[in-house]
Every structure is written in structure tokens, then in C-alpha cells.
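The chain contents come next:
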Amino acid sequence: MNKVILFLFIILFIPYGCEEQEEVVDAKDNVLLFVKEINPELHQTMFKMDQEMAIADNKVQLLYDLKDRFPNQREMIKKSLKQWQALHKDLNVTLNTIYEKVEAAYVAYKIDEIQGRQKFSETSQTLLIEAKAVLASAETTKSLIEEELYE
């Protein structure tokens, strides 16, 4: 009998907890589809920034592993670690800022499609310039970090 009650409890209440998470994911997907349709170049740049963050995450993890294996070399590793962490942070802050602005434009678009499209077109061009600048800076920083290793 207790197993039946537990089973019913699980069936009734678990879907409600998952539903909220799905709505958040759907909202983000809608915003990303919106930016892809309205400004594919900005979408591509945002995607590339996300990829660069993943690369930085991977490098940070590898450096932590290296630091654990060679504790006597912590100072040398610490410098590279800080550089990769700073790069990740810059990319993350910029990407989040861009996403928030795109999300606001998406909401405006949904409220009034004509006004939102005009507003987003203007905003997306500015955001694209910002995103490209940060991405270029990230590429330069990444190159400098890698060059220092080979010196």
C-alpha cells in the first residue's frame, strides 16, 4: 500500500518541478532563435564567445590539474591560470550583458513587433560591435598566453 502511495506521489508532483525548468530553457531558446533570425552575425558571435568560454574553462581545469601534479611550480602556473580565468570572466560578463539586452529587445518585440524589430536592429548592431571587440581581445589574449608558454 505504501509503495502505491509513493508511486502516485511521484507521478503527480515530479512533472510540476520539471515544468518550470523547461519554461526557462524554452524562454532562452526563444531568445536565441530570435537573435538568430534578426541578426545571424550577432548570434554566431555569441555562439563563438560561448565556445571560447568553454576553451578557457578547459584550460583552467588543465592548469589546476598541472598545479596539483607539480606543487613546486605553482607560481609559474598561477600566472597562466589568472590570465585564463580573467579571459573567461570577461567573455562571460560580456555574453551575459549581450544576452540581457537581447532578451529585453525580444520582450519589446513581442509587445510590439514593429517597434521591437526597429529597436532590436539598432541594438543588435551595437551589441555586435561590442561582441566582436571582446572576441578579438580574447583571441589576442589567448595568443599572448600561448606565446608566453613557448618562450
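Residues numbered from 1 in each chain as written. Predicted model: local features only at pLDDT ≥ 70, side-chain atom pairs only at ≥ 80, totals over all residues. Heavy atoms only, no water.

### Concerning the packing of aromatic side chains
This model, assessed by the stated rule, comprises one aromatic pair. Taken together, a centroid distance of 5.1 Å and an interplanar angle of 65° make the contact between Phe 34 and Tyr 106 edge-to-face. Separated by 72 residues along the polypeptide, Phe 34 in helix H1 (residues 2–38) and Tyr 106 in helix H3 (residues 74–111) bring together distant segments of the chain. Exposure remark for Tyr 106: the relative accessible area of 16% places this residue in the buried category. Stacked on the ring of Tyr 99, the Lys or Arg Lys 28 has its end atom at 5.6 Å from the ring centre. (Phe/Tyr/Trp six-rings, centres within 6.5 Å; stacked < 30°, edge-to-face > 60°. Helix = DSSP H or I, 4+ residues; strand = E, 2+ residues; numbered from the N terminus. Buried < 20%, exposed > 50% of the residue type's maximum accessible area, 1.4 Å probe, protein only. Lys NZ or Arg CZ within 6 Å of the ring centre and 35° of its normal.)

### Regarding the confidence of the model for the chain
Summarising the model, the chain shows a mean pLDDT of 80, and 77% of its residues fall at 70 or more. H1 is the least confidently modelled element of the chain, averaging 62 in pLDDT, while helix H2 (residues 40–69) averages 94, the highest of any element. The model gives residues 1–16 a pLDDT under 50, and that stretch makes two contacts with residues more than four places away or in other chains. (pLDDT = per-residue confidence, 0-100. Contact = heavy atoms within 4.5 Å.)

### Section: the environment of Pro 40
Following the sequence through the fold, Pro 40 ends up in helix H2. Pro 40 sits in the partly exposed class, given a relative accessible area of 48%. For the pair formed by Pro 40 and Ser 124, sequence separation is 84 residues and the distance between their alpha carbons is 9.9 Å.

### Here's the deal with the pattern of salt bridges
Enumeration over the complete set of coordinates arrives at four salt bridges. Between Lys 142 and Glu 52 there is a salt bridge; the shortest N-O distance is 3.3 Å. You can see Lys 142 sitting in helix H4 (residues 113–150) and its partner Glu 52 sitting in helix H2, a full 90 residues away along the chain. In this pair, the class of Lys 142 matches that of Glu 52, namely buried. Its salt-bridge partner being Glu 75, residue Lys 78 comes within 3.7 Å of it at the nearest N-O pair. (Salt bridge = Lys/Arg side-chain N within 4 Å of Asp/Glu carboxyl O.)

### Comments concerning H2
For H2, spanning 30 residues, the distance from its first C-alpha to its last is 44 Å, which sits close to the expected 44 Å at 1.5 Å a residue. Within H2, burial applies to Leu 42, His 43, Thr 45, Met 46, Met 49, Glu 52, Met 53, Ala 56, Val 60, Leu 63 and Lys 67. (Expected span 1.5 Å × (residues − 1).)

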